[in-house]
Amino acid sequence: MRFAPCIVIPIYNHKDAIGATVAHLAVHGLPIFVVDDGSDAATRQVLAALARQYAPQLTLLRLPQNGGKGAAVMAGLRAARAARYTHALQIDADGQHDAADVPRFIDAARAEPAAVILGRPVYDDSVPKARLYGRYLTHVWVWIETLSLTIRDSMCGFRLYPLALACELIDSVRLPTRMDFDIEILVRLHWRRAAFRSIPTRVTYAADGVSHFDVLWDNVRISRSHVRLVFGMLWRLPLLLAHKLMPRRRAVTDDTGHAAGEAAGEPAGEPGDESRPDAWWRIAERGSQLGMNLLALSCKLFGRRFTALWLHPIVAYFLLTGRAAREASDNYFRHLGAVAPQGGMPRPGWVSAYRHMLAFAQSGFDKLAAWTGRIDDTDVTFDDPSAFEALIASGKGALVIGAHLGNLEMMRALAVRGEHAKVTAVVYTGHARRFNRVLASSSRDFTRHLLEVGDFGPQTAVLMQQRIEAGELLVIVGDRVPACEAGRTTDAQFLGASARFAQGPYVLAHALGCPVYLFFCLKERDGYRMYFEPFAERIELPRRERAQHLAAWAQRYAMRLEHYCRKAPYQWFNFFDFWAGPKRGANGRT
């Protein structure tokens with residue numbers, strides 16, 4: 001398959017920057033198409049000189065009058081395809097983009113010729129803050145219009161198009177010709193099943209740079225384009241949803257530069273081994289760092305109520321695209337209904353799955369609010385504070401076992417901010433790193449008492465002993481199996497069926513020789529309510545009866561977890577098959 005890339009530069013009155021831009025690009029040896037979008041006489045003179053200097057590498061195209069960036073780019077793409085090039089790298093004329101990254105774009109396109117390669121800007125301090133924040137709003141609209149987070153940045157002018165795919169679109173659809181072109185062409189290519197890849201690239205705004213972005217009219221055009229695209233998404237909604245379950249078509253460019261359809265062979269979203277409870281930690285954290293940072297920024301700028309409105313379309317997207325999570329939610333509610341024959345529990349289905357995922361999103365949002373000081377002690381109350389107050393008064397350390405139920409982070413955030421107690425969260429290594437980075441950026445106290453481990457066992461106990469002796473409360477969860485293959489588990493009855501629970505919390509409690517408590521923090525009508533109850537003054541595990549004692553402690557924990565799941569059915573957040581058995585090999589062993 002022939003691969004013939006070139007560069008397309010739209011320009012309008014950037015006479016002072018274009019010389020350096022062309023010089024930095026010419027060293028890569030690629031043919032360059034410069035499209036003059038009706039520039040003034042001084043810029044035309046500079047361009048004519050560059051055409052002579054870099055001939056025959058540089059081809060100069062002139063448009064009779066200024067038609068807008070989109071018009072210039074489309075003219076360049078058509079000219080490049082007519083000259084039998086297969087790919088075109090679009091880059092702005094003003095020198096904002098790092099020309100040294102050109103080989104990275106070319107290599108990515110050579111490795112995946114059908115993909116649109118997008119630049120994902122990495123800004124320095126020169127970026128105008130109004131432009132930066134305004135981009136985030138457009139990104140959210142694009143994610144809604146595509147029902148996808150694939151397009152990481154829709155406004156960066158540094159990108160590479162497969163020409164057959166792009167020209168087929170621009171010749172069949174009327175696209176805008178101004179600044180909104182960059183956004184709309186990507187959304188429409190996504191609707192046509194194009195693949196996208198992103199490359200981080202440095203973007204610098206020169207202090208004396210010339211910008212042709214009209215703050216009023218270009219924003220009006222972009223807003224009008226988003227309205228058009230949202231209606232286009234709604235019109236195509238059944239097809240877009242069907243595409244979520246279908247293999248993505250991949251266009252292959254042949255020697256003539258025309259496209260032919262080919263199945264990419266991507267899976268249709270069937271859950272595999274990742275649905276097993278011993279593989280929960282292999283499930284990729286969904287959601288982008290940019291999207292999470294956007295919510296954090298919106299929370300700071302506009303407050304909790306406004307930002308919370310964004311959770312609904314975001315959750316709707318993950319509901320539609322997260323088949324494995326939907327099935328796990330349905331499975332949970334079936335088990336919950338089986339132990340509540342009198343009724344009152346949610347029925348499995350799309351509505352309950354949506355409410356389940358929405359509660360999870362709201363929990364994460366409330367964690368962010370707690371760490372940024374938007375939730376205080378008045379929003380959280382103890383159901384019965386006596387056990388907690390007695391423990392704090394004693395000055396002793398303790399092991400606190402919680403669950404992925406409600407909002408464990410609420411206790412740690414309030415304790416750290418209010419200096420009520422030293423609370424350290426012990427978490428599994430590597431999971432939810434993106435979200436934790438957002439929390440860490442929101443509060444410098446977040447990582448101060450956060451300890452990552454791979455498994456709860458005797459070796460971990462050595463790391464914990466000093467913290468217990470210093471009077472800290474170590475908070476761990478008991479409703480996840482260990483995030484390693486060697487982790488030990490025991491079976492217990494939970495919601496009417498046998499499920500596997502980690503032995504680690506009880507082994508750790510035995511090694512530490514400290515009091516053990518259970519802790520659950522549930523969202524109720526009047527705010528969050530915390531339930532803190534004694535579990536054991538000390539956990540003993542006699543060697544000869546170790547297995548029986550571990551099973552008894554796990555069962556006792558499972559019973560209390562079941563009690564609180566029935567109390568707050570939408571607030572248990574384990575979106576995988578909790579009751580699935582371990583994977584067995586040919587010999588029948590785990």
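Residues numbered from 1 in each chain as written. Predicted model: local features only at pLDDT ≥ 70, side-chain atom pairs only at ≥ 80, totals over all residues. Heavy atoms only, no water.

Chemist: When you look at the overall build of the protein in this model, what are you seeing that I'm missing?
Modeler: Looking only at helices and strands, the protein has 19 helices and 18 strands in total. Evaluated residue by residue, the protein yields a buried proportion of 51% over its 590 residues. (Helix = DSSP H or I, 4+ residues; strand = E, 2+ residues; numbered from the N terminus. Buried < 20%, exposed > 50% of the residue type's maximum accessible area, 1.4 Å probe, protein only.)

Chemist: Help me understand the sheet that holds strand β1 (residues 5–11), please; the structure alone is not making it clear to me.
Modeler: Within a sheet, each strand pairs with its neighbour through backbone hydrogen bonds, oriented either parallel or antiparallel. Strand order in the open sheet formed by seven strands is β3-β2-β1-β4-β6-β5-β7, and the pairing between neighbours is mixed. A strand with exactly one partner marks an edge of an open sheet, and here the two such strands are β3 (58–63) and β7 (195–203). Within the sheet, the average angular offset between the axes of one strand and its neighbour, ignoring direction, is 20°. Sheet strands touched by helix α2 (residues 41–53): β1, β2 (32–37) and β3. Its angle to β3, the strand with the most contacts, is close to 155°. Strand contacts of helix α4 (residues 102–111): β1, β4 (87–90), β5 (115–123), β6 (159–162) and β7, with the helix running at about 150° to β5, the strand carrying the most contacts. (Pairing = 2+ DSSP bridges. Axes fitted to C-alpha atoms, helices over the stretch in contact; angles between N-to-C directions. Contact = heavy atoms within 4.5 Å.)

Chemist: Looking at this structure, how should I read the side chain of Thr 21?
Modeler: Take Thr 21: it is sitting in helix α1 (residues 18–26). Setting aside residues up to four positions removed in sequence, Thr 21 forms contacts with Asp 92, Ala 93, Asp 94 and Gly 95.

Chemist: Would you mind going over the packing of helix α3 (residues 69–82) against helix α6 (residues 163–170) with me for this structure?
Modeler: How two helices sit against one another is set out by the angle between their axes and by the gap between those axes. The N-to-C vectors of α3 and α6 enclose an angle of 125°; their axes lie 10 Å apart at closest approach. The angle between the axes of α3 and α6 places the two elements in the oblique class. In terms of crossing hand, the pair formed by α3 and α6 is left-handed. Touching Met 74, Leu 77, Arg 78, Ala 80 and Arg 81 of α3 are Leu 163, Ala 164, Ala 166, Cys 167 and Ile 170, all from α6. Tallied by class, the residues present in the contact of α3 with α6 amount to eight nonpolar, no polar and two charged. (Parallel < 35°, antiparallel > 145°, perpendicular 65-115°, else oblique. Left-handed = near helix turned anticlockwise from the far one by under 90°. Nonpolar A, V, L, I, M, F, W, Y, C, P; charged D, E, K, R; others polar.)

Chemist: Can you walk me through the confidence of the model for the protein in this structure?
Modeler: Low pLDDT means the predicted coordinates in that region are not meant to be read closely. For the protein, per-residue confidence averages 78 on the pLDDT scale, and 71% of positions sit at 70 or higher. Per-element mean pLDDT across the protein ranges from 33 in strand β9 (residues 259–263) up to 97 in β4. Across residues 249–290, confidence stays below pLDDT 50; counting only partners more than four residues off in sequence or on other chains, it has 104 contacts. Predicted confidence for residues 583–590 stays below pLDDT 50, and this span has eight contacts to residues more than four positions away or in other chains. (pLDDT = per-residue confidence, 0-100.)

Chemist: I would appreciate a short explanation of the pattern of salt bridges in the present structure.
Modeler: Pairing of side chains with opposite charge becomes possible as their charged atoms draw close. Taken as a whole and judged by the stated rule, the model has 18 salt bridges. Among the salt bridges present, the one from Asp 182 reaches Arg 159, with a minimum N-O distance of 3.7 Å. Separated by 23 residues along the polypeptide, Asp 182 in helix α7 (residues 181–191) and Arg 159 in strand β6 bring together distant segments of the chain. One exposure class covers both Asp 182 and Arg 159, and it is buried. For Glu 327, the salt bridge identified is with Arg 323, shortest N-O distance 3.3 Å. (Salt bridge = Lys/Arg side-chain N within 4 Å of Asp/Glu carboxyl O.)

Chemist: Looking at this model, I keep getting lost on the packing of aromatic side chains. Mind explaining?
Modeler: For the structure shown, the criterion picks out 24 aromatic pairs. Each ring, one from Phe 360 and one from Phe 575, has its centre 5.6 Å from the other, and the planes form 65°; the classification is edge-to-face. Residue Phe 360 is found in helix α13 (residues 350–371), and its partner Phe 575 is found in the segment after α19 (546–567); the two are separated by 215 residues along the sequence. Here Phe 575 falls in the buried class, since its relative accessible area comes to 18%. (Phe/Tyr/Trp six-rings, centres within 6.5 Å; stacked < 30°, edge-to-face > 60°.)

Chemist: I keep staring at the side chain of Glu 562 and nothing clicks. Help me out?
Modeler: Considering the arrangement of structural elements, one finds Glu 562 in helix α19. The side chain of Glu 562 sits in the buried core without any salt bridge; Arg 566 is the nearest counter-charge, 4.1 Å away. Excluding anything up to four places from it in sequence, Glu 562 contacts Val 339, Phe 494, Leu 495 and Gly 496. (Lys, Arg positive; Asp, Glu negative; His and termini not counted.)

Chemist: What am I meant to see in helix α12 (residues 323–338) here?
Modeler: Since one α-helical turn is 3.6 residues long, residues separated by three or four positions face the same way. Across its 16 residues, α12 extends 23 Å between first and last C-alpha, which sits within 8% of the 22 Å expected from 1.5 Å per residue. Regarding α12, the residues found buried are Ala 325, Arg 326, Ala 328, Ser 329, Asp 330, Asn 331, Tyr 332, Phe 333, His 335 and Leu 336. (Expected span 1.5 Å × (residues − 1).)

Chemist: Please explain unusual backbone geometry as it appears in this structure.
Modeler: Note: most residues except glycine have negative phi, and most peptide bonds are trans. Cis geometry marks the peptide bond from Ala 55 to Pro 56, where omega comes out at 0°. You can see Pro 56 is positioned in the loop between α2 and β3. Positive phi values are uncommon outside glycine, yet Arg 193 reaches one of about 75°. Note on placement: Arg 193 falls in the loop between α7 and β7. Residue classification places Arg 193 among the buried residues on the basis of a relative accessible area of 10%.

Chemist: Before we go on, may I ask you to explain the pairing of strand β14 (residues 473–477) in this structure?
Modeler: It is a general feature of regular strands that their side chains alternate between the two faces of the sheet. In terms of residue burial, β14 counts as a mostly covered element, since five of its five residues are buried. Here β14 shows a buried face lined by Leu 473, Val 475 and Val 477 and a second buried face lined by Leu 474 and Ile 476.

Chemist: Got a minute to help me understand α7 in this structure?
Modeler: Among the eleven residues that make up α7, eleven are buried, leaving the element largely enclosed by the rest of the structure. Phe 181, Asp 182, Ile 183, Glu 184, Ile 185, Leu 186, Val 187, Arg 188, Leu 189, His 190 and Trp 191 are the residues of α7 that are buried. Just downstream of α7 lies Arg 193, where phi reads positive at about 75°.

Chemist: Any chance you could explain the nonpolar core here in plain terms?
Modeler: Note on soluble globular proteins: their nonpolar side chains tend to be buried together. Of all hydrophobic cores here, the largest spans 58 residues; its most connected members are Phe 494, Phe 501 and Leu 561. The residues contacting Leu 561, other than those within four sequence positions of it, are Ala 403, Leu 405, Asp 479, Phe 494, Phe 501, Phe 520 and Trp 572. By size, the runner-up hydrophobic cluster in this structure holds 40 residues, among which are Val 8, Leu 77, Ala 79 and Tyr 161. (Core = buried A, V, L, I, M, F, W, Y, C linked by side-chain atoms within 4.5 Å.)

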